[in-house]
Amino acid sequence: MKGTREMKEAKEMEGELKNFIRLCVLTMASLLYSYFIAAKIPKGLLRLISLLPVIILLSILPFDLNSFYIGLPARFFLAWLANFKLLLFAFDQGPLSLPKHDLLRFILTACFPFKIRQNPPPETPSEAKSNPILEAATRATIVSIVLRTYENYKHCLNHKHVFLIYAFVTYHGTQLLFALSAIPARLLLQGVELEPQFNAPLFSTSLQDFWGHRWNLRVSDLLRETVYNPVRRVSTIIIGPRWSSLPGVFVTFLVSGLMHELLVSRMFRQSPTWEMTWLFILHGGLVDVEIVLKKKLVTTNRFRLHRAISGPLALANLSVTTSWLLYTKFLRIGMDDSSNSPWNFSRAWQQANTKPIAPLA
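Residues numbered from 1 in each chain as written. Predicted model: local features only at pLDDT ≥ 70, side-chain atom pairs only at ≥ 80, totals over all residues. Heavy atoms only, no water.

The name recorded for the chain in an unreviewed UniProt entry is MBOAT family protein, from Theobroma cacao. The Sequence similarities (unreviewed entry) comment attached to the chain in UniProt states, word for word, "Belongs to the wax synthase family." (UniProt positions renumbered as here; feature names shortened; annotations may be inferred.)

Rendered as C-alpha cells:
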C-alpha cells in the first residue's frame, strides 16, 4: 500500500514537472514572438489580434499546474498580470512598452511584477531603495518564527486567534511572494533600481490610501492602467469630470475581485462561492463613499478626521471584512483543523486535488 502511494506521488510529481517545463518553454516562445514579431505590428487592434494567441495560451497553461507553491504564483503572474501587461502592450502602453527594452528586460517584466525606477537621482537615500533579497529574507524569517510558535501553541487557539494568524500570514506572505518575484530582476538587470512593491500598508490613513497607494503597488498600477483609466475617460463624457472617478474605482475593484475569485476557486478546485468578489465589491463601494465624503467635507474644510483616527478605522474595516468574507472560506475547508496549519495550503490543496474540477458556473 505504501509503495503504491509512493509510486502514485512520483508519477504525479513527474507529470507536474512536465507541465512546468512545458509552461516555461511555451511562455518563452510566446514572449519571443511578442518581442520580435507582434511589437513590429502597428499598435491598436491589429497588434491586439496578433497577441490574442499568446494571451489565450497564458490563460490556459498555468492552470495545468496542480502544486500550490508553483501553480498559484504561475497563475497570478502569467494568467493575470502578464496578460494585463500584454493588453496594454497592444496599445503601446504599460510596462512592456517602455523605451530601451532589451529582450531580457522585456521577458522579466512580462513574467514578474516589479517596476524599474526611471531616472533615479545620483544618490538615493538607503531607506528609499528597494532590496528584494533583504526583503524576502526578512519576511521569511518573520513568518517562520510565527509559524513555529503556532505549532507549539495551536492547541490553545480558537477561531479568533486563527483569524489573526491568517491575517498575519497574508500580510507578510504576500510581501514575501512579491519580494521573491523581484529577485531575478535584481540579479540579472545590472545597474537598475527597483521601486518598492509595498509602501508601509499599516500606516494607511484610509481605505483609498491603502488600496491605491500602499498595498501591492504593482497590481494597483496595472489595474489603474487597464481598468480605472479607460472607465474614467468614458465616465467623464457621460457624467462629467467631478464624479468620473466613482465608476472607475468601482469597476476596478470588481475586476480585481473577479480575478481573485478565479484564483481562489481554481486553487481549491471548487465552483466560485463569490466571497472574494463580494469583498472587493464592498471595498469598492466604501472607497467611493470615502471619495464623496472627501469632496463634500474635507476639500471644503467642513470636517476632517485626524489620521490617528482614520487610519486605525481603515485597518479595522479591512480586518473585519476580510475575516468575514475570506478567512471563513478557509475555515470551511478545514484549515483550522489541528492537523493543519493556517499557512499549510499545500495539504488542503492536495485534498482538493483528489476531487474532480468543479465547473465555473
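Picking up after the structure, the text goes on.
Q: Just checking my understanding: could you explain the overall build of the chain for this structure?
A: Within the chain one finds 12 helices and 0 strands. Ordered by position from N to C terminus, the α and β elements of the chain give α-α-α-α-α-α-α-α-α-α-α-α. (Helix = DSSP H or I, 4+ residues; strand = E, 2+ residues; numbered from the N terminus.)

Q: Teacher, can you tell me more about the UniProt feature "transmembrane region" (unreviewed entry) in the chain here?
A: Listed under "transmembrane region" (unreviewed entry) in the UniProt record, and renumbered for this structure, are residues 20–38 and 45–63. Along residues 20–38 the backbone is 89% helical and 0% strand, and the end-to-end C-alpha distance reaches 25 Å. Overall, residues 45–63 shows 84% helix and 0% strand. The separation of its end C-alpha atoms is 27 Å.

Q: Looking at this model, I keep getting lost on helix α8 (residues 217–239). Mind explaining?
A: What sets the pattern is the α-helix's 3.6 residues per turn: residues three or four places apart point alike. Spanning 23 residues, α8 covers only 28 Å between terminal C-alpha atoms, well under the ideal 33 Å at 1.5 Å per step. The principal kink in α8, of about 45°, is found at Arg224. Listed as buried for α8 are Leu217, Arg218, Val219, Ser220, Asp221, Leu222, Leu223, Val227, Tyr228 and Ser235. Downstream of α8 by one or two residues, Gly240 has phi in the positive range, about 95°. (Expected span 1.5 Å × (residues − 1). Bend = angle between axes of the 7 residues up to and from the residue. Buried < 20%, exposed > 50% of the residue type's maximum accessible area, 1.4 Å probe, protein only.)

Q: I keep staring at the side chain of Thr321 and nothing clicks. Help me out?
A: Its location among the elements puts Thr321 in helix α11 (residues 307–332). Side-chain polar atoms of Thr321 contact the backbone oxygen of Asn317, separated by 2.7 Å. Setting aside chain neighbours within four positions, we find Thr321 in contact with Leu279, Leu282, His283 and Leu326. (Polar contact = N/O pair within 3.5 Å; in protein donor to acceptor, adjacent residues only side chain to side chain. Contact = heavy atoms within 4.5 Å.)

Q: Honestly, the packing of helix α2 (residues 45–60) against helix α3 (residues 68–90) in this entry has me stumped. Any pointers?
A: Packed helices, taken two at a time, are described by the angle their axes make and the gap between the axes. At a closest axis distance of 10 Å, the pairing of α2 and α3 adopts a crossing angle of 175°. Taken together, α2 and α3 sit at an angle that is classed as roughly antiparallel. On α3, the residues that touch Arg47, Leu48, Leu51, Val54, Ile55, Leu58 and Ser59 of α2 are Leu78, Ala79, Ala82, Asn83, Leu86, Leu87, Phe89 and Ala90. Here the residues of the contact of α2 with α3 sort into 12 nonpolar, 2 polar and 1 charged. (Axes fitted to C-alpha atoms, helices over the stretch in contact; angles between N-to-C directions. Parallel < 35°, antiparallel > 145°, perpendicular 65-115°, else oblique. Nonpolar A, V, L, I, M, F, W, Y, C, P; charged D, E, K, R; others polar.)

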